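# A closer look at the structure
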Amino acid sequence: MDVQWYPGHMTKARRMMEENIRLVDLVIELVDARIPLSSRNPDIDALCTGKGRVVLLCKADLADPAKTEEFTEYFRGRGILAVAVDARERKAGEVVRRYIQEAGREKIARDRARGIVGRPLRAMVAGIPNVGKSTFINSFAGRASTKTGNKPGVTRGKQWIRLGGDVELLDTPGILWPKFDNQVIGMRLALVGAIRDEVLDKQELAVWLIDYLEQEYPGVLQQKYLQEKAAQEELQEGEAADSSDQEEDAEGTVFSDPEEEAMLPPGYALLLKIAAARRLLMKGGEPDADRAASMLIDDCKNGRIGRISLDRPQDALKMEEERQAYTSARESETEKEAGKKKAAADRRKKSGEAYSDHSRKNTGNTAGKTGGRTGGKTIGRTGGKTTGRNSGNAFGKSSGKSAGRGRGTKGRNDAGSRRR
Ligand code: G4P
């Protein structure tokens, strides 16, 4: 399955995050408790260097409690403060406040050593889309909070939520696009609603889910979609006569020949059975695999299959290695890019000097000086005009103007390519 990848979104989100992170002492990293590893952004470690950190495993009410416990221990074992919460509950805010104080301890000690006492800790919330950032901010802020903002200097344009005297939370969460060029991670993200599933093949996604659940939570699907249905029908005897006939028909059309079932992949065969049991049928009574897949995916996102986790604690170390490999590859890419930028800057500087020499030769000292200035880093519209204006004679004017326009265009193009 080809899961789409959005580098443009990710770059933009990362840039915004980089801007905001400078303003805070610590970062509250939200992950989805059902996929606490797949929902982490690999850039976050680099972005959070030197900052305190708390990892919140959100939507813990939807996750497998035993696995959540293991994941929380895993994070703690790696020296990361971690706690599982239902972000919708007010008490999540209370719990996290204690963790924030813990994460900010070093910062408080540093302040104290410099004679600063009682300065509130500044925090920001960051995480992938739909993980619960806004919900958490609301719960955390509660009624006791007050909004502050537009303080001159540092916080211009930013809104802070003050909680008592000791914490200020930036009210704009940092969105980090998940990394999902790994197909399985993409599927897990889609199954918790972190990425839109329109980009995925629904049947393939549903079959992956069925295979996973059959392995990790055997019997759950049968109980939810096959047996539960039968139990309901026993209770509703009146209607049951009709519906069980239909079901028999449906089941009958699924696998009239047992060998037919054996030839299908087991996950797909179960999908068809679920479709039949739920009477999701096409014209002619054939089970509708597409509708059954949509139902399963939706039920999974909303926790209707039960409390399940799609990441497994036993995969944690391997996934961490992959994350680190990605980070190192990214770092060396960044270094390469920086090298290229420096080389380009050096080339521009050299050509500026050459231009300056050329100008000096042709227009004499004054024009030469101006040409030198405009040939540097800040060349652009103004650079061109300045050259023209300062050149003083007819020759200087015309050469200045044309040089200015040409350079100005180059300047704009450079800025454009930087933006991209
Ligand atoms: P975001 O800012 O990170 O994008 O996420 P947001 O807070 O908007 O939350 C996304 C959805 O997840 C919301 O549901 C929200 O209620 C739900 N949610 C957030 N935290 C938790 C949690 O800990 N447990 C559970 N069960 N759900 C949580 P929605 O359906 O989009 O909206 P609504 O139900 O609030 O109307």
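For the structure, check the block above.
Structural notes, computed from the coordinates.

Each value, and the rule that gives it
- Residues numbered from 1 in each chain as written.
- Predicted model: local features only at pLDDT ≥ 70, side-chain atom pairs only at ≥ 80, totals over all residues.
- Axes fitted to C-alpha atoms, helices over the stretch in contact; angles between N-to-C directions.
- Helix = DSSP H or I, 4+ residues; strand = E, 2+ residues; numbered from the N terminus.
- Parallel < 35°, antiparallel > 145°, perpendicular 65-115°, else oblique.
- Left-handed = near helix turned anticlockwise from the far one by under 90°.
- Contact = placed C-beta atoms within 7 Å.
- Nonpolar A, V, L, I, M, F, W, Y, C, P; charged D, E, K, R; others polar.
- Near = placed C-beta within 6 Å.
- Buried ≥ 20, exposed ≤ 12 C-beta atoms within 10 Å, placed from the backbone.

## Considerations on the packing of helix α8 (residues 202-216) against helix α13 (residues 289-301)
- At a minimum axis separation of 9 Å, α8 and α13 run at an interaxial angle of 55°. Judged on the interaxial angle alone, α13 and α8 are oblique. By crossing handedness, the relation of α8 to α13 is classed as left-handed. Contacts between α8 and α13 pair Lys202, Gln203, Leu205, Ala206 and Leu209 from the former with Ala289, Asp290, Ala293, Ser294, Leu296, Ile297 and Cys300 from the latter.
- In terms of residue class, the contact of α8 with α13 is built from 8 nonpolar, 2 polar and 2 charged.

## Here we look at the site of the ligand
- Around the ligand sit 15 residues in total, of which Ala87, Gly132, Lys133, Ser134 and Thr135 are the nearest.
- Of all the elements, helix α6 (residues 133-141) adds the most residues to the shell around the ligand, at 3 residues.
- Partitioning the shell around the ligand into residue classes produces 5 nonpolar, 5 polar and 5 charged.

## A short note on unusual backbone geometry
- Within the chain, Lys59 stands out as a residue other than glycine whose phi angle is a positive 60°.
- One can find Lys59 in the loop between β2 (52-58) and α3 (65-77).
- Looking at Lys59, the number of C-beta atoms within 10 Å reads 27, which means it is buried.
- For Arg279, which is not glycine, the phi dihedral falls at a positive 55°.
- Mapping Arg279 onto the fold places it in the loop between α12 (266-277) and α13.
- Judged by the 15 C-beta atoms lying within 10 Å of it, Arg279 is partly exposed.

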